[in-house]
Amino acid sequence: MRVIPIECVYAIIEVKTKLNKQEIDNCIVNMESVKKLEKAAYVLPPQNLRINILQYGKELEICPVNYYIFAYEADNLEVLYNYLSKKFKEKDLPVHLRIDTICVLNKGLITNWLPDISKFEALPEENSDLVMVSTEDALLLFYLITSRHFFSRHIYHVLCPYNMLHI
């Protein structure tokens, strides 16, 4: 087992063989447990050297954890989309505490649409809509909308004991 400090985690992709309503419920529990962890053990560079990032419609000093689901197979994508929409409304979660995007191989994505600028976005924002996109090129679309977040990470010095990094 390897312990990774939350300050070193920028994204989680939970992989499922088959995604259904029960697995979505499990993913929501897992996602909530991770996204509620506070990133506190890091050192920011001097103000003039900081690079703020734009995620979840806000400018942030440090990257929050993004949470994605990748599934090889799934029940009907529209049924899962409707179920997830219902769950988000029931829980009334802020956008940064939601599952960000779901990719089902060769079926499509459940992701976010920014109507103001007519574009798909991996991370939800206050004005975004949850949408279902049916496509056989789901993995390509998933890569395209998530890659800008993966490649724009700024890693600040994490404060943790040396021996914790070598467990």
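J.: Help me understand unusual backbone geometry, please; the structure alone is not making it clear to me.
T.: It is generally the case that most residues other than glycine have a negative phi and that most peptide bonds are trans. Its identity as a non-glycine residue notwithstanding, Tyr56 has a phi of 60 degrees, on the positive side. Of note, Tyr56 is situated in the loop between strand E3 (53–55) and strand E4 (58–60). The phi angle at Asn106 is positive, at roughly 60 degrees, despite the residue not being glycine. Tracing the chain through its elements places Asn106 in the loop between strand E6 (101–104) and strand E7 (108–114).

J.: In this structure, what is going on with the packing of aromatic side chains? I would like to understand it.
T.: For any pair of aromatic rings, the description consists of the separation of the ring centres together with the inter-plane angle of the planes. Across all of its chains, the model carries 4 aromatic pairs by this definition. Where Phe70 meets Tyr72, the ring centres are 5.2 Å apart and the plane angle is 90 degrees; that geometry is what we call edge-to-face. Clustering of aromatic rings is evident, with ring pairs tying together Tyr68, Phe142 and Phe150. Its end group placed over the ring of Phe88, Arg98 keeps NZ or CZ at 5.5 Å from the ring centre.

J.: What is the right way to read the side chain of Glu7 from this model?
T.: Tracing the chain through its elements places Glu7 in the segment before strand E1 (11–19). Of the buried charged residues, Glu7 lacks a salt bridge, with Lys39 as the closest side chain of opposite charge at 7.7 Å. At a separation of 2.9 Å, a polar atom in the side chain of Glu7 contacts the main-chain amide nitrogen of Ala40.

Thresholds applied
Residues numbered from 1 in each chain as written. Predicted model: local features only at pLDDT ≥ 70, side-chain atom pairs only at ≥ 80, totals over all residues. Heavy atoms only, no water. Helix = DSSP H or I, 4+ residues; strand = E, 2+ residues; numbered from the N terminus. Phe/Tyr/Trp six-rings, centres within 6.5 Å; stacked < 30°, edge-to-face > 60°. Lys NZ or Arg CZ within 6 Å of the ring centre and 35° of its normal. Buried < 20%, exposed > 50% of the residue type's maximum accessible area, 1.4 Å probe, protein only. Lys, Arg positive; Asp, Glu negative; His and termini not counted. Salt bridge = Lys/Arg side-chain N within 4 Å of Asp/Glu carboxyl O. Polar contact = N/O pair within 3.5 Å; in protein donor to acceptor, adjacent residues only side chain to side chain.

Any functional reading would require information beyond the geometric quantities listed.
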